[in-house]
Every structure is written in structure tokens, then in C-alpha cells.
Amino acid sequence: MADTLNFDAIVVGGGPSGLASAIIMARAGLKVVLFERGRFAGSKNLFGGVLYTSAIQEILPDFMAKNPPFERPVTEQGYWLLSPASVVRMMHRSEQYKVEPAAAYTGLRARFDEWFARQAVAEGALVIAKTAVIDVLRDNRDRVIGVRTDRPDGDVYAPVTILSEGVNNLLTQKLGLAQGDLPPRLVALSVKEVIGLPQATIEQRFGLTGLKEGVAIDLFGDATLGLPGTAFLYSNKTSISIGVGMLLEMFVEHRLRPHEVLARFKAHPAIRPLLAGGESLEYGAHLIPEFGYDRMPRLYADGVMVAGDAAGMVDAMHREGTNLAMMAGKFAAEAAIEAHSSKDFSARHLQAYRDKLEASFVMKDLKQYRRMTDFLDGTPHFMKTYVDFVNDAAMRYFNAHDMPKRDMEKDIVRSLGKRRSFLGVAQDVMRLMRGMGL
Ligand code: FAD
């Protein structure tokens, strides 16, 4: 066994970020081991359901030839704004979405991550599941030189380790790269259910004409009781992924139970008919890091780098996470490969990882939306006020009222004034623009 304990690189975590690193490093000829605590890669993982092919292609240029377990291409997407009794839909559908490979596909992580892990093995990485890394090993100069697993005699050594351990970044914290537990205002909690339905029923309910079409809908407003948060509804081949997420702080402050929020959302008159007769196949909850660019952990130190959710790399505004995680995993892998070439694993050298991230969309987007969490936190009324207003306005606009249209338009403006003062609206717009980095 002793000769198997030294590797060129160790990866902790078999999610999109860790597996992307393992693939890139193994392809470059490094001896790589990846530890995944779940029964298999993906077995413990949960997300909403949209995978982005631009990032997958960066890792596996010929991914379509490898039969990725996608559900449906996303050929229609957009937002639904829910008030308690109505919905305004803003959807985008285009023939261009049907060109293969599509820019985005719906998917299920237990299948996708398992497939991605098979690609890592095919490139030559050793993927060891059912094994948790419980500590990081350091030498007397505090350089990371390996990890301790929960296996007997489970110490493994390598000059460079990539921590892709997800949002519960306990090892990153242990190393002092991230500070303590995540505060409830900087982490969202999402509950998700996968509901099985016959293919034909899904297609009829969502206006799809076969497996080459699919929808991805993000919902705001009454879906989260008007509180800052989002809900989602994505079509798979023979199931629907549905879920709601809010800052953990909102659940605590409003004494809400996550499963009750999801049950309430499912019972909304615009949602219930879409799910009718469905069978619950999966149910779970997961955290989403919302700490953003300004509160990211330190991304590298001597012999170690942190990537993906462990470093808070999620763009909640555009529901992107897997793609950021994959790109970060790729950049960390490239920095590790360069470190091997120069035999220098010091923090000074691994800074190349951060430089690559900063030059890419990953950090540029995270930087742009760095104030988004503060915006949501500081304007908790935003979703309710404006989503209810838009629904109200639609009700007036689309109906005849036996009054001149000019009066109807004034009525609409007045109904906003009743919800929020002119100054309040101006403040909200300014704050929103700031949150969006405009
Ligand atoms: P993870 O996917 O969390 O993987 C971490 C892995 O490390 C896990 O397999 C875990 O078991 C393992 N692990 C952890 N600790 C250890 C240890 N000590 N030892 C061994 N193994 C360990 N992103 C999108 O792109 N599209 C979406 O539609 C989307 N929707 C989302 C909806 C929800 C409800 C949630 C929660 C997230 C969503 N995201 C979405 C975000 C996306 O899921 C994450 O950003 C992405 O999974 C991060 O990848 P990762 O590899 O960094 O971490």
C-alpha cells in the first residue's frame, strides 16, 4: 500500500469543480487521486438543474461524443413573477436554442457527476468514493503536503492539494483560509423535489414537442412568500425539478420551515396543474454560498488551492454555479501543472490560479454582483412590492374597465404609489443598480 500513498496532486470532492481539476491534471500526465465522501460522485449532490455546455467543453472538448446524461436542452427559459393569485410570465423561446449542442441542458447531479467521474477515470485519475478527507496535513513550515482520510492508515501525500469540498468548506476553514461558520445572511438554503410524470404529460403541460425541447423557469414573488429568494421549475425527460431557496436568515427570521415553503409554492394555482398526478421521486435540501467576491476565502496558500462552492463561486443572479466551479477547477489544475513544471508549490507560484480566475468571467461576474446579497438583505420588501405591482398592473392593463385608458394608466401609477413612495422607488432602483454593478 505504501507506494500508492504518494501522488502528484490530491483533489478533495467529486463535484463539478473537483472532477474538472482531476480530468485536466490527469490528462497532463499527473498522478492524481480524488476523494469523494459519497457512495459515488454525485450521490450526495443536489442542484436546481441547468448545466452549461461552454464550461463542460472547456474540460471535455468532445463531450457530446461521450453520451453525457443530459435530460433536455433548454429551448425556452425565463422568469415567472407570482403574486398570490396570478402570474406574469417573461419567457424567451428561440429556434437557435435547438442547435446542438445547446448552450444549456437540464440534468440531475447523481447522473451527471457520476458520468463526469467516469471521464476523470478514463483520463487516468484515481477516483476513490466512500472516503472522507478529515484533515489536511502540513509540514513544519505550514505547507500543505497531503490529506488525512477516514480510512485506516489513510494519510496520503502530494505537493499540491485542490479543495473542492463544496459549500461546507470545513477543511478550508481548518486551514484558516475561510473564517468560521457561514453566517445565515450569507448562505441560502434550497429545498428541491423531483416529480415524476410521463414524458407526454410534461410535453403537453409545457408546450414541448419532444425530447429536443425543454424549459427552465425561475420564479419570484409569492413563490417565496414575497421574501428575497427564488424558485425554479425545470423540465427533465420524465420528471420535473422544482424547488425554492431563500437566505437562511429569512427562514429563521420569519420562522419558516423549508418543506412548508416548498409545499406552499407547489400549491400555487399557476403551479399545481403542472404537477398534478406526479410522483415524488427525490427530495432534498442544500446550501448555496452567497458570500460573494468581497468575502471569498483566500484561494491559495503553500501547496493548496480552493475552488468552486468552497470558495463561494456562485452567480445566483444567473443561477450559475456548476460552470464557475468547473472553470475554477480547470484554472487550479493548470496552476498545479505549472507548479510541477517549475517544482515550486509555494503560494507565490500558485497565485497563478487567482490570476487566471481574475482574467476570466468567473471573477469578473462575481465582482460585478458583489453587492447583490447586500441589496436583497437591505431591501427585503423588493420582491413583494414590485412583483405584486406588476401583476396588478397587468390585471388593469389587459382588461376593459369602462374608463378611458389614460385614467387606467394613472391608476396603475397610483397603485405603485400606494405600495411605495416616489422616493422609496427611486432608492430601490438605485440600490438595485448598485447590486447589479451598474
Ligand atoms: P459540490 O458540487 O458541492 O461538490 C462537492 C463535493 O465534495 C461533493 O460531492 C461532496 O460530497 C464532496 N465532499 C465534501 N467534503 C468532502 C470531504 N471532506 N471529503 C471527501 N469529499 C467531500 N448551478 C448551476 O450551474 N445551475 C443550476 O441550475 C444550479 N441550481 C442550483 C440549485 C440549488 C438548489 C443548489 C443548492 C445549487 C445550484 N447550483 C446551480 C449551484 C451548483 O450546484 C454549485 O455551484 C456546484 O455544484 C459547485 O460545485 P463544487 O464542485 O464546487 O461543489
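In the block above lies the structure referred to throughout.
For every chain, the first residue of its written sequence is number 1, and the numbers climb from 1 along that sequence. Selection of residues for local features in this predicted model requires a pLDDT of at least 70, selection of side-chain atom pairs for listing and counting requires 80 or more, and totals for whole chains, interfaces and linings are taken over all residues. Side-chain numbers come from the whole structure's heavy atoms, not from hydrogens or water.

Trainee: Help me out: how do you make sense of the pairing of strand E2 (residues 32-35) in this one?
Mentor: Along any regular strand, the residues point their side chains to alternate faces of the sheet. Burial along E2 is two-sided: the face carrying Val 32 and Leu 34 and the face carrying Val 33 and Phe 35 are both buried. In the sheet, strand E1 (residues 9-12) pairs with E2 via four bridges, with the strands oriented parallel. The partner of Ala 9 across the bridge, within E2, is Val 32. Handedness rule for crossovers: strands pointing away from the viewer, path from the first strand over the helix to the second running clockwise, crossover right-handed. To qualify as a helix, a DSSP run of H or I must reach at least 4 residues; to qualify as a strand, a run of E must reach at least 2; elements of each kind are numbered from the N terminus. Taken together, E1, helix H1 (residues 16-27) and E2 constitute a β-α-β crossover, and its handedness is right-handed. In this structure, E2 lies alongside strand E7 (residues 126-128), joined through three bridges in parallel fashion. What sits directly across from Leu 34, in E7, is Val 127. Burial classification: accessible surface area is computed with a 1.4 Å probe over protein chains only, and a residue below 20% of its type maximum counts as buried, one above 50% as exposed, and the rest as partly exposed. For two strands to pair, DSSP has to find at least two bridges joining them.

Trainee: Looking at this model, I keep getting lost on the packing of helix H10 (residues 347-359) against helix H11 (residues 361-368). Mind explaining?
Mentor: The packing of two helices is summarised by the inter-axis angle and the distance between the axes. Angles shown run from 0 to 180 degrees and are taken between the N-to-C directions of axes, each axis being a line fitted to C-alpha atoms and, for helices, limited to the stretch in contact. One can describe the packing of H10 onto H11 by two numbers: an axis separation of 4 Å at closest approach and a directional angle of 65°. Overall, the two elements H10 and H11 adopt an arrangement that is roughly perpendicular. The residues of H11 that touch H10, namely those facing Arg 354, Leu 357, Glu 358 and Ala 359, are Val 362, Met 363, Lys 364 and Lys 367. Each residue is assigned to one class: nonpolar for Ala, Val, Leu, Ile, Met, Phe, Trp, Tyr, Cys and Pro, charged for Asp, Glu, Lys and Arg, and polar for all the others, Gly among them. For the contact of H10 with H11, a count of residues per class yields four nonpolar, no polar and four charged. Convention used here: angles under 35 degrees read as roughly parallel, angles over 145 as roughly antiparallel, angles from 65 to 115 as roughly perpendicular, and any remaining angle as oblique. Here, two residues are considered to be in contact whenever any of their heavy atoms come within 4.5 Å of each other.

Trainee: Please clarify how the environment of Ala 325 should be interpreted in this entry.
Mentor: Looking at the element boundaries, Ala 325 is found in helix H9 (residues 322-342). Relative accessible area serves as the criterion here: at 6%, Ala 325 is assigned to the buried category. For the pair Ala 325 and Val 362, spaced 37 residues apart in the sequence, the C-alpha separation amounts to 8.8 Å. If near-sequence neighbours (up to four positions away) are discounted, Ala 325 is found in contact with Pro 16, Ser 17 and Gly 308.

Trainee: Even after reading the chapter, I still don't get the sheet that holds E2, so can you show me in this structure?
Mentor: What links the strands of a sheet is backbone hydrogen bonding, and the strands pair in either a parallel or an antiparallel sense. Ordered by their spatial adjacency, six strands build an open sheet running E7-E2-E1-E11-E18-E17, and the pairing between neighbours is mixed. Both edges of this open sheet fall to E7 and strand E17 (300-301), since each of them pairs with a single strand only.

Trainee: Which parts of the structure should I look at to understand the pattern of salt bridges?
Mentor: Opposite charge on two side chains permits them to pair, given that their charged atoms come into close proximity. When a carboxyl oxygen of Asp or Glu lies within 4 Å of a side-chain nitrogen of Lys or Arg, that pair is called a salt bridge. Summed over the entire model, instances satisfying the criterion amount to 35 salt bridges. The shortest N-O distance in the salt bridge between Asp 135 and Lys 174 comes to 3.8 Å. You can see Asp 135 sitting in strand E8 (residues 133-138) and its partner Lys 174 sitting in helix H4 (residues 170-174), a full 39 residues away along the chain. Residue Lys 174 is classed as partly exposed on the basis of its relative accessible area, which comes to 47%. As a salt-bridge pair, Lys 330 and Glu 334 come within 3.1 Å of each other at their nearest N and O atoms. With Lys 330 and Glu 334 both in helix H9, this residue pair falls four residues apart, about one helical turn. Classification of Lys 330 as buried rests on a relative accessible area of 12%. If you follow the salt bridges from partner to partner, you end up with Glu 58, Lys 330, Glu 334, Glu 338 and Lys 356 in one network.

Read these as spatial facts, not as claims about activity.
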